[in-house]
Amino acid sequence: MRKISSASPGFSGTTDFEAASIPFFTQAATFDESWADIRGHLVDVLRRGKFSHGAKVAELECELARWTGARHVVGVNSGTDALIILLRAAGLCLGDEVIVPAYTFIATASSVVLAGGVPVFADIEAHGYGIDPRSVATVATDRTRMVMPAHLFDRMADMRGVCEVARRRGLTIVEDSAEAIGMRLDGRHAGLLGAGGVLSFFPAKTLGAIGDAGAVLTDDDRVAETARMLRHHGRGGHTVDNFPGIANPTVLPGRNSKMDDVQAAVLLAKLSRLETDIARRAELAARYDARLAQVPGVRAVPGGVPPRPGVDRACYVHLIEVDERDALAAHLAARGIGTEIYYPTPLHLQPCFAHLGHRPGDFPRAEAACAAAIALPLYPDLPDTHVDRVCDEIERFYAGR
Amino acid sequence: MTVTAPTIPFFPPDLFAGDHDALLETVRAIGTGAAQKFILGEQTARLERELRDRLGAADVIACSSGTSALTLVLEATGVGRGDEVVVPAFGCAPLAAAVIDAGARPVFADIDPVRLTVDPDAAEALITSRTVALMPAHMFSVMADMPRFRELADRAGLRLIEDSALAQGGVLKGRPAGRWGDAGVHSFVQVKTFGMPGEGGVVITDDTELATAVRMLRNHGQDGVHRFVHHRVGHNSRFDEVMAAFQLQRLAGLDARLARRTEIATYYSRRFVSLADRGVIAPPVGGDGRFPYVYTVLAKHRAPLRAHLAAHGVASHVYYPRTLPAQPAFAPYAPGGASWPNAESAARYNLALPLYPHLTDLQAEHIADTVCAFTDTFREQ
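Residues numbered from 1 in each chain as written. Chains lettered and ligands numbered in written order. Predicted model: local features only at pLDDT ≥ 70, side-chain atom pairs only at ≥ 80, totals over all residues. Heavy atoms only, no water.

1. Looking at the confidence of the model for chain B
Now for step 1: Considering every residue of chain B, the mean pLDDT works out to 96; 98% of them sit at 70 or more.
Now for step 2: For this predicted complex, the interface confidence score (ipTM) comes to 0.96, while the overall pTM stands at 0.96. (pLDDT = per-residue confidence, 0-100.)

What follows is the structure, encoded as structure tokens:
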């Protein structure tokens, strides 16, 4: 079992894990273990004295470029902002259509609107949660300019299929790889298979800050240069770690999406242990699967579908599909076990997209996933015994039906 | 000889020198805290309440930056495609970019040559049937003529959006900066009077309906009750708990820091009062509607003055070397042949001197001496 720091909440020396609640997410023990490293980076930031868009952000960009193999990493304020900036930098024009999956986090589609485009929804694949290339081909129109697959939970979308349809239809590929750090196809990191991708460092992510932060990833020099301007009010020239650069000419209408150096400091410390954290997540995911694959009432577990050839999984979210999902969530909550519903409503049926005129039944796979999916606790701080207890409770719930 | 002293920075790196341990402890406490809540949590809610009470506003909503606050306000007031918003021709990029981001068109109005804030008469002359809002901005250390803008907006049936991003501490006719408009904003980027070691801002409003819309728009269009139900296309423009906790600790010292800044600004202006006919015009200091953010003079011979200051160990900064319509990004929105003479003049002459609470009396004296020495020698050439 993983060593749990005595300073972490809920584990004050006791071995009676039955009594402890199991939060959906915590990184308290990891943070505590990494404190010396985090503190060192913070002291650098305090000495340097520029607290956003500063030297620590530049250092993080370099380290992430090395880790992912991206030619350019552009640090920004959030994964959502990264998507907006990426879409604009990749050349999205007012009114252009971008095809996005109907089953994903809202930002995959809202970023298209905020970048000036129009989202067009496609269904997801039969035994997975990525966009279905055949559905992409079906919904594309002559106004469609881009396709943006999202790599959700533990693996990338069918990128070979997406690339093929994009090539045939002349679409630019941008990737919502917000969840996908550590996922690769044939050795290429997620986000680098088209014009560019993003990372979100939302705290619960595989690489999580303790606040909002994100990044654009790209191998394209022009996309990177535009993204760098857009995040800093559209200003050209050298602005990172350079306060007087605020007087540089404003080249493009941009936004303020500067990353905080405090977050970069935390991220650098966590990046140094990311391989270990990803391995631990995989161990926990396998432990869940071994128990839950056989449980009646559990319809699908992540490991039940082998990854496509050449794909490296990275388990960010452990999402299973079950019968009586809401009752199971209530059962677990009553026993102190946190879960999350990713996602209760598909995007084409969200109130904010009502004007697009979709109806239930338009994207049946996305709707089915929304009805059955539930995410279980999964993070490096989670002890094996907690996985076992979650599995016990799930078994108990279905045995008692 | 003064040149042996280290340069007095314009953007000081040691703004939070007294709070190093507080920042480290705050990060550690939030990082290891039992709540594991990092964004829009209890600390943020407390900061919102404290600022709301301090300003006497109906609501204060924390978000990711002052720029983002403007975007949220524009969208919450329904500004969109085909609309025009009158903004100053002189100022910071978000005045135009936020309007464009909302899908509308910025219309640039010239400024008052002394206050350097947008001229209400110039703004009024630009109102058309497509105008939906006026967005004056406070500038450097002077609030815009908000009573006139309030009256104009009411008379013309327009929304009044107050870019008070840099004006924390300003009060005009008893009403704080940020509370003259239908909504106002503050920015907390480190150099601001209530700056912090990160990015953040707030929306200030007495309009509870507007506040509800802003709260929804800052977090992906969710209503705060029904998770993953998105009523509107919203942003990710949230506030981090680390920064909120830090700002709550710093709030107690804000008035003292403002007072110290005012003291230095007043000293500069006393020293510079006689320089007006020697090519250095000091900003109006004291009186109603002033706040001690940036001390900007208008220098007829700006480049030589900057060089003289630099040679004597004083860093200075030109915030706006060009007007907004002269920025490549916004030129497409500037009508051909139009000119903004006061804005253009301000762009040519504005020069800001160091002003921060930990500037010592000796440093302030040296800066003032150096400016005065320049006007003496330059006149003689």
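2. What to know about unusual backbone geometry
Now for step 1: Along the chain, tyrosine 342 of chain A connects to tyrosine 343 of chain A via a cis peptide bond; the corresponding omega equals -5°.
Now for step 2: Residue placement: tyrosine 343 of chain A occurs in the loop between α11 (325–334) and α12 (364–372).
Now for step 3: Non-glycine residue aspartate 241 of chain A carries a positive phi angle of around 55°.
Now for step 4: On the basis of relative accessible area, aspartate 241 of chain A is assigned to the partly exposed category, the value being 25%.
Now for step 5: The residue lysine 173 of chain B is not glycine, and still its phi comes out positive at about 50°. (Helix = DSSP H or I, 4+ residues; strand = E, 2+ residues; numbered from the N terminus. Buried < 20%, exposed > 50% of the residue type's maximum accessible area, 1.4 Å probe, protein only.)

3. Quick word on the interface of chain B and chain A
Now for step 1: Facing the 55 residues of chain B at the interface are 62 residues of chain A.
Now for step 2: Interface area for chain B against chain A, summed over the two sides, is near 5000 Å², with a carbon-plus-sulfur share of 63%.
Now for step 3: Its largest share of buried area at the contact with chain A, chain B owes to Leu24, Glu199 and Phe228 of chain B, together 13% of the area lost on that side.
Now for step 4: In this assembly, chain B and chain A are joined by 6 salt bridges.
Now for step 5: Inspection of the chain B/chain A interface yields 22 residue pairs in polar contact (both at pLDDT 80 or more).
Now for step 6: Only α1 (20–32), α3 (66–76), α4 (94–101) and α8 (241–251) of chain B provide two or more residues apiece to the side of chain B that touches chain A.
Now for step 7: Per-element tally for the side of chain B that touches chain A: the top contributor is α1 of chain B, with 7 residues.
Now for step 8: Split into classes, the residues belonging to the side of chain B that touches chain A amount to 28 nonpolar, 17 polar and 10 charged. (Contact = heavy atoms within 4.5 Å. Buried area = accessible area lost by both parts, 1.4 Å probe. Salt bridge = Lys/Arg side-chain N within 4 Å of Asp/Glu carboxyl O. Polar contact = N/O pair within 3.5 Å; in protein donor to acceptor, adjacent residues only side chain to side chain. Nonpolar A, V, L, I, M, F, W, Y, C, P; charged D, E, K, R; others polar.)

4. So, the sheet that holds strand β10 (residues 298–300) of chain A
Adjacent strands of a sheet form backbone hydrogen bonds with each other and so pair up, either parallel or antiparallel.
Residue and element names in this part refer to chain A.
Now for step 1: One open sheet holds the 3 strands; their spatial order is β10-β12-β13, and the pairing between them is antiparallel. Each edge of the open sheet carries a strand with a single partner, namely β10 and β13 (373–376). Strand-to-strand, the axes of this sheet are offset by a mean angle of 50°, without reference to chain direction.
Now for step 2: In this sheet, strand β12 (residues 318–322) lies alongside β10 in antiparallel orientation, the contact comprising 2 bridges. (Pairing = 2+ DSSP bridges. Axes fitted to C-alpha atoms, helices over the stretch in contact; angles between N-to-C directions.)

5. A few points about the side chain of histidine 53 of chain A
Now for step 1: Along the polypeptide, histidine 53 of chain A turns up in the loop between α2 (35–48) and α3 (55–68).
Now for step 2: Owing to a relative accessible area of 0%, histidine 53 of chain A belongs among the buried residues under this scheme.

6. What about helix α7 (residues 159–169) of chain A?
Residues and elements named next belong to chain A.
Now for step 1: Within the span of α7, buried status applies to Met159, Gly161, Val162, Val165 and Ala166. Viewed along the axis of α7, the buried residues span an arc of 155°, placing them on a single side of the element. Looking at α7, the residues exposed on the side facing more than 90 degrees away from the buried face are Arg167 and Arg168.
Now for step 2: Residues of α7 that are buried make contact with α6 (133–139), β4 (144–147), β5 (172–175) and β6 (184–185).
Now for step 3: Immediately beyond the C-terminal end of α7, within one or two residues, lies glycine 170, with a positive phi of roughly 65°. (Arc of directions from axis to C-beta.)

7. Topic: the pattern of salt bridges
Opposite charge on two side chains makes pairing possible when the charged atoms of those side chains draw close.
Residues and elements named next belong to chain A.
Now for step 1: Per the stated rule, a full pass over the model turns up 57 salt bridges over all chains.
Now for step 2: Taking the shortest distance from any N to any O, the salt bridge between aspartate 326 and arginine 325 comes out at 2.7 Å.
Now for step 3: On the basis of relative accessibility, which here comes to 8%, the residue arginine 325 falls in the buried class.
Now for step 4: One salt-bridge network, held together by shared partners, links Arg280, Glu283, Arg287, Asp384 and Asp388.

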